[in-house]
Amino acid sequence: SNLCGTVYRGGNILFTPDGYSVLSPVGNRLSCFDLSNNRSQTYPFENRNNIARIVLAPSGATMLLIDEEGRALLVSTHRRAVLHHHSFKSKVRWAAFSRDGQYLAVSHDRHTQVWHSPSVSKKEFAPFRLLRTYTGHYDDVVHIDWSHDDTFFVTASKDLTARIYTREPTEGFVPIVLTGHRAALVSAFWSKDDDAIYTIGRDGSCFGWDRTEQGSFEIGEKFYFKHNHSKITCASFHSASSLLVVGMSNGTFALHQMPEFDMVQSLSIAQHPISTVTINNTGEWLAIGSAELGQLLVWEWQSETYVLKQQGHFFDTNTVSYLSLIHI
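Draft legend 1. Up close: the overall build of the protein. If you tally the helices and strands in the protein, you get 0 helices and 28 strands. In summary, the protein has a C-alpha radius of gyration of 20 Å against a globular reference of 20 Å for 328 residues, a match within 12%. On the principal axes, the C-alpha backbone points of the protein span a range of 70 × 55 × 30 Å. A total of 328 residues make up the protein; the buried ones form 53% of that total. Of the contacts made within the protein by residues no fewer than 6 positions apart, 39% connect residues no fewer than 24 positions apart. Summed over all atoms, the accessible surface of the protein reaches about 16,100 Å², with 47% contributed by carbon and sulfur. Across the protein, 28 positive and 32 negative side-chain charges occur, with their mean positions spaced 8 Å apart.

Draft legend 2. Main features of the environment of Leu 74. Position of Leu 74 relative to the elements: it lies in strand β7 (residues 71-76). We classify Leu 74 as buried; its relative accessible area is 3%. Taking the C-alpha atoms as reference, Leu 74 lies 40 Å from Lys 222; in sequence the two are 148 residues apart. Residue contacts for Leu 74: discarding those within four places in its chain leaves Thr 62, Met 63, Leu 64, Ala 81, Val 82, Leu 83, His 84, Pro 118 and Phe 128.

Draft legend 3. Structural view of the sheet that holds strand β28 (residues 305-311). Here we have 4 strands laid out as an open sheet, ordered β25-β26-β27-β28, and antiparallel in their pairing. Here the strands that pair on one side only, and so sit at the sheet edges, are β25 (276-279) and β28. Each adjacent strand pair in this sheet contributes to an overall mean axis angle of 10°, direction not counted. Relative to strand β26 (residues 285-290), β25 runs antiparallel, the two sharing 4 bridges. Pairing of Val 277 across the sheet is with Ile 288, part of β26.

Draft legend 4. Representation of the side chain of His 137. Mapping His 137 onto the fold places it in the loop between β12 (129-134) and β13 (141-146). In terms of polar contacts, His 137 uses its side chain to reach the side chain of Thr 155, at 2.7 Å. Among the polar contacts listed, one links the side chain of His 137 to the side chain of Asp 159, at a separation of 3.2 Å. Dropping the residues within four chain positions of it, His 137 is found in contact with Arg 110, Thr 155, Ser 157, Asp 159, Thr 161, Ala 162, Arg 163 and Tyr 165.

Draft legend 5. Structural view of the environment of Ser 239. Topologically, Ser 239 is positioned in the loop between β21 (232-238) and β22 (243-248). Expressed as a C-alpha distance, the spacing of Ser 239 and Val 174, which sit 65 residues apart in the sequence, is 26 Å. Apart from residues lying up to four places away in sequence, Ser 239 is in contact with His 148, Trp 190 and Lys 192. Among the polar contacts listed, one links the side chain of Ser 239 to the side chain of His 148, at a separation of 3.3 Å.

The rules behind each value
Residues numbered from 1 in each chain as written. Predicted model: local features only at pLDDT ≥ 70, side-chain atom pairs only at ≥ 80, totals over all residues. Heavy atoms only, no water. Helix = DSSP H or I, 4+ residues; strand = E, 2+ residues; numbered from the N terminus. Rg over C-alpha atoms; globule rule 2.2 N^0.38 Å. Buried < 20%, exposed > 50% of the residue type's maximum accessible area, 1.4 Å probe, protein only. Contact = heavy atoms within 4.5 Å. Areas by Shrake-Rupley, 256 points an atom, 1.4 Å probe, with all protein chains shown as cover. Lys, Arg positive; Asp, Glu negative; His and termini not counted. Charge placed at Lys NZ, Arg CZ, Asp CG, Glu CD. Pairing = 2+ DSSP bridges. Axes fitted to C-alpha atoms, helices over the stretch in contact; angles between N-to-C directions. Polar contact = N/O pair within 3.5 Å; in protein donor to acceptor, adjacent residues only side chain to side chain.

Purely spatial values, then, with no claim about function.
Okay, structure coming up:
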């Protein structure tokens, strides 16, 4: 099936593991844009409410679609069928599979929960099993990123801090608190070798935290995005190439090379805030969404060309015309 005339209106967008298709929420449905074959399709299932978060397993075999009220569908991407229903019972701020796909971290308000990932190979009465709940933040947790060995994960919160937790209880380990920002955090990312963490604040600050010999982290470099006093609204990090891309409230995105923070590219795509941004597995394409404008873009930053550009009407649609030769 396919949806004609519908565009991106909210939620996050993702690339598939092969890097050549984009998954985008369209209300309570999910559309897939095959960029290599110039095709699009809409999956047959739908959530009760608008999709707020898409979480794709590292293998690409399953994904989790979470709506605005915390109800989730676990679906098979190959069979295009719903496998399980689950309710997290509250609004989900962020969700991320571990890099081996065995665990799922979900944030609810100030708390973070880690679940065992549902099994696809066997039927289970209760496929979602809670491992443990992590506390410590004083405001909403807005981002979670797993370390490359899945031993630790870092959370970013609106309380101006980031915290590092262990997946399994470790004797003598106390969650590490990274403080120093003066505005709410947007994201926090691990570096390729897990020896550094980058935290991004809404006010345009970017702090680099270096691992010490004692296993803790201390602040290293401080960088700032300077774009006419605009705020940072979203961010994504490609650890393999150390590329950091941020979206801003004035419709501009900026691409930087870490850890030097060298400016690679900056481009204004609209006058409205950017809602979500992501990078494909090769680091060549950027997918950018603006919910207020109904805009979805895929940008190849090396050649500076559009791979996909989709935009809806800003105001109401007054007239629709049908072509009699085609069944539309």
